[in-house]
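Letter by letter, the chains look like this.
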Amino acid sequence: MKRFAILLAGFLGEASGDPVLQGVPLVQEGRPAAVLVRIGEGALPQLAAKALQDELQVLLGVTLPEVSWGEIGARPAVVLAELDALPPGLAKPGDADKVRDDGFLMETRPGPQGQPVLLLSGHVPKGTYNAAVYLRDLYFRPASDKEMVLKPVRLLRNPRVPMRLAHTAEEWNDAIYFPMERWEWTIDEISQWGYTHWV
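Quick caveat, the model's predicted, so the values are computed rather than measured.

Turning our attention to the overall build of the protein. The secondary structure content of the protein amounts to 5 helices and 11 strands. Residues counted as buried form 40% of the 199 residues belonging to the protein. Here the protein has roughly 11800 Å² of accessible surface; of this, 56% comes from carbon and sulfur atoms.

Even without being a glycine, glutamate 29 presents a positive backbone phi close to 55°. Along the chain, glutamate 29 falls in the loop between strand 1 (24-28) and strand 2 (31-32).

Further remarks concern the sheet that holds strand 1. Reading across from one edge, 2-1-8 is the order of the 3 strands in this open sheet, with antiparallel pairing throughout. At either end of the open sheet lies a strand with only one pairing partner, and these are strand 2 and strand 8 (148-150). Two elements, strand 1 and strand 8, share 3 bridges in a ladder whose sense is antiparallel. Bridging across to strand 8, valine 27 finds its partner in methionine 148.

Before going further, it helps to examine the environment of alanine 51. Within the fold, alanine 51 resides in helix 2 (residues 43-60). In this structure alanine 51 comes out as buried when scored by relative accessible area, which is 10%. On a C-alpha basis, the gap between alanine 51 and aspartate 137 in space is 9.8 Å, while along the polypeptide they are 86 residues apart.

In this section: the packing of aromatic side chains. With the rule as written, the count across this model stands at 2 aromatic pairs. For the pair phenylalanine 104 and tyrosine 134, a centre-to-centre distance of 5.4 Å together with 55° between the ring planes defines the contact as tilted. Placement of phenylalanine 104 in strand 6 (residues 104-110) and of tyrosine 134 in helix 4 (residues 125-139) is noted, with a sequence separation of 30 residues between them. With respect to class, phenylalanine 104 is no different from tyrosine 134; both count as buried. Where tyrosine 134 meets tyrosine 139, the ring centres are 6.4 Å apart and the plane angle is 40°; that geometry is what we call tilted. Overall, the relative accessible area of 28% leaves tyrosine 139 in the partly exposed class.

Turning next to the side chain of arginine 109. For arginine 109, the position within the fold is in strand 6. We classify arginine 109 as buried; its relative accessible area is 2%. A distance of 2.9 Å separates a polar atom in the side chain of arginine 109 from a polar atom in the side chain of aspartate 95. When residues no more than four places from it in sequence are discounted, the contact partners of arginine 109 are Val20, Leu90, Ala91, Lys92, Asp95, Gln115, Pro116, Val117 and Leu119.

Taken in spatial order, the 6 strands line up as 4-3-5-7-6-9 in an open sheet, and their pairing is mixed. Whereas interior strands pair on both sides, the edge strands pair on one side only; in this sheet they are strand 4 (66-67) and strand 9 (154-157). Running at roughly 165° to strand 3 (residues 35-39), helix 2 makes contact with strand 3, strand 4, strand 5 (77-81) and strand 7 (116-121) of the sheet. Sitting on the sheet, helix 4 is in contact with strand 5, strand 6, strand 7 and strand 9, with an inclination near 70° to strand 6.

In this section: the nonpolar core. Counting 29 residues, the largest nonpolar core has Leu26, Leu52, Val78, Met106, Leu118, Leu120 and Leu135 as its most contacted members. Within the residue set of this core, elements represented by two or more residues are strand 1, helix 2, strand 5, strand 6, strand 7, helix 4 and strand 8. The greatest single-element share of this core, amounting to 6 residues, is contributed by helix 4. Those residues in contact with leucine 120 that lie beyond four places of it in its chain are Leu52, Val78, Val79, Leu80, Ala81, Leu105, Met106, Thr128, Ala131, Ala132 and Leu135. The next biggest cluster of nonpolar side chains, apart from the first, holds 15 residues, and it includes Val35, Ala77, Val117 and Leu119.

The next subject is the pairing of strand 7. Consecutive side chains of a regular strand alternate in pointing toward one face of the sheet and then the other. Burial runs high along strand 7: 6 of the 6 residues are buried. What you see with strand 7 is no split at all: Pro116, Leu118 and Leu120 on one side and Val117, Leu119 and Ser121 on the other are buried throughout. Sheet analysis places strand 5 next to strand 7, joined by 4 bridges and oriented parallel. Counterpart to valine 79 in the pairing with strand 7 is leucine 119. Connecting strand 6 to the next strand, strand 7, in antiparallel fashion are 5 residues, including glycine 114 with a positive phi near 85°.

The rules behind the values
- Residues numbered from 1 in each chain as written.
- Predicted model: local features only at pLDDT ≥ 70, side-chain atom pairs only at ≥ 80, totals over all residues.
- Heavy atoms only, no water.
- Helix = DSSP H or I, 4+ residues; strand = E, 2+ residues; numbered from the N terminus.
- Buried < 20%, exposed > 50% of the residue type's maximum accessible area, 1.4 Å probe, protein only.
- Areas by Shrake-Rupley, 256 points an atom, 1.4 Å probe, with all protein chains shown as cover.
- Pairing = 2+ DSSP bridges.
- Phe/Tyr/Trp six-rings, centres within 6.5 Å; stacked < 30°, edge-to-face > 60°.
- Polar contact = N/O pair within 3.5 Å; in protein donor to acceptor, adjacent residues only side chain to side chain.
- Contact = heavy atoms within 4.5 Å.
- Axes fitted to C-alpha atoms, helices over the stretch in contact; angles between N-to-C directions.
- Core = buried A, V, L, I, M, F, W, Y, C linked by side-chain atoms within 4.5 Å.

Without other data, these values stay purely geometric and don't point to any function.
As structure tokens, this is what we get:
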């Protein structure tokens, strides 16, 4: 029993030295400690990155440098990418079989030089966006006003129902007078909570 305990302690000691198991440091001493990689164009990937950057700015007054995957080097990173666009070395066999519809995968994985990388990925842009909002709302918890580390995570989220409706009109007396910009803002807000249709 004692020998087992010693072996276990040795294993845990070695494991704790693994950068991936230590999580992704986003902010250290009030400065960015990681980079943001966005693979994919279009409105939703941009909104996903903006959701994370805006929250970091509010919480800690910090914005992460945005770089391409080829520019990541040895820096920790948060990566936004659809499953079919994952760079070599970051994808795992079976990833695409696990995620359905606008669900997402969120997992800490080793980067090109062994550094911790947090992957946020879905089959479609909406899935990747959902992952970013989930991360922002549930995992952005600064340790202080100058420090925030994302603990290692392995999470798979899939929708249980194919359609989620939001009622947007009749209770609002002035809704018929809303300009298009207001409706776009309203729909974006509704989408953050996982609704896919509105009536």
